[in-house]
Amino acid sequence: MKVISLILLSLACSSHHLHERGLEPLSPQMRACYEKSQAMKDGKEGIVKISFTISQEGQTLNPKIVENAISETTFDECILNVIRHTQHPRQMASSDVIQPFHFLREK
């Protein structure tokens with residue numbers, strides 16, 4: 001089985017500006033969503049952008065796929081579930097986030 005290479009590029013929106021959070025490793029749960037999907041078996045690759053809000057308490061609220069190069073129902077539901085259950089550090093104010101995930105099969 002081919003190893004999956006996944007890159008996470010985070011962009012955060014605050015009420016004042018949009019700033020790049022930088023590259024971060026993906027969780028094993030996000031990798032698993034892609035590895036078990038029919039999309040990977042079919043060779044689909046690309047960027048999936050998810051928007052959500054991080055509350056002051058660090059909860060992930062209202063995750064939605066806003067752009068989807070892979071678009072496979074089981075995969076979509078899986079990654080939204082992972083995002084929905086991700087806990088973030090507490091913060092001074094809630095913030096809106098657009099987070100692109102780049103799913104690539106290693107050649």
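Since the structure is predicted, the reported quantities are computational estimates derived from the model, not experimental observations.

(A) Spatial organisation of the overall build of the protein. Tallying secondary structure elements over the protein gives 3 helices and 5 strands in all. Secondary structure elements of the protein occur, N-terminal to C-terminal, as β-β-α-α-β-β-α-β. Taking all 107 residues of the protein together, the buried fraction comes to 37%. Nonlocal contacts in the protein, meaning residues at least 24 apart in sequence, comprise 68% of its contacts between residues at least 6 apart. Split by element, the accessible area of the protein, about 6,500 Å² in all, is 53% carbon and sulfur.

(B) Structural detail: the nonpolar core. Core analysis: the biggest nonpolar cluster contains 19 residues, and Val 48, Ile 50, Ile 70, Phe 75, Ile 79 and Phe 103 have the highest contact counts within it. Those elements giving two or more residues to this core turn out to be helix H1 (28-35), helix H2 (38-41), strand E3 (46-54), helix H3 (73-84) and strand E5 (95-105). Here this core takes 6 residues from H3, the largest share from any one element.

(C) View of H1. Buried within H1 are the following residues: Met 30, Cys 33 and Tyr 34. All buried residues of H1 project into a common sector of 95 degrees when viewed along the axis, lining one side.

(D) Looking closely at the pairing of E3. In terms of residue burial, E3 counts as a mostly covered element, since 7 of its 9 residues are buried. Where E3 and E5 come together, 9 bridges link them in antiparallel fashion. Bridging from a neighbouring strand, Ile 50 pairs with Gln 99 of E5.

(E) Examining H3 more closely. For H3, which comprises 12 residues, the first-to-last C-alpha distance of 16 Å matches the rise-based estimate of 16 Å (1.5 Å per residue) to within 8%. Turning to H3, its buried residues are Phe 75, Asp 76, Cys 78, Ile 79, Leu 80, Val 82 and Ile 83. Here the buried face of H3 lies against H1, E3, strand E4 (60-68) and E5.

Rules and cut-offs
Just so you know, the residues in each chain are numbered from 1, in the order the chain's sequence is written. With the structure being a predicted model, the display of local features is reserved for residues of pLDDT at least 70 and the display and counting of side-chain atom pairs for 80 or more, all residues being used for whole-chain, interface and lining totals. To get the side-chain values, take all heavy atoms of the structure and skip hydrogens and water. Helical segments are the DSSP runs of H or I of at least four residues, strand segments are the runs of E of at least two, and each set is numbered from the N terminus. Exposure classes here rest on a 1.4 Å probe applied to the protein chains alone. A residue is buried below 20% of its type maximum, exposed above 50%, and partly exposed in between. By definition, residues are in contact when any of their heavy atoms lie within 4.5 Å. Each accessible area is a Shrake-Rupley estimate made with a 1.4 Å probe; only the visible protein chains count as cover when residues are assessed. Working definition of a nonpolar core: buried Ala, Val, Leu, Ile, Met, Phe, Trp, Tyr and Cys residues. They are joined through side-chain atoms within 4.5 Å. Starting at the helix axis, one direction is taken to each C-beta atom, and the arc is that of these directions. In this analysis, strands are considered paired if DSSP registers two or more bridges between them. To estimate the expected span of a helix, subtract one from its residue number and multiply by 1.5 Å.

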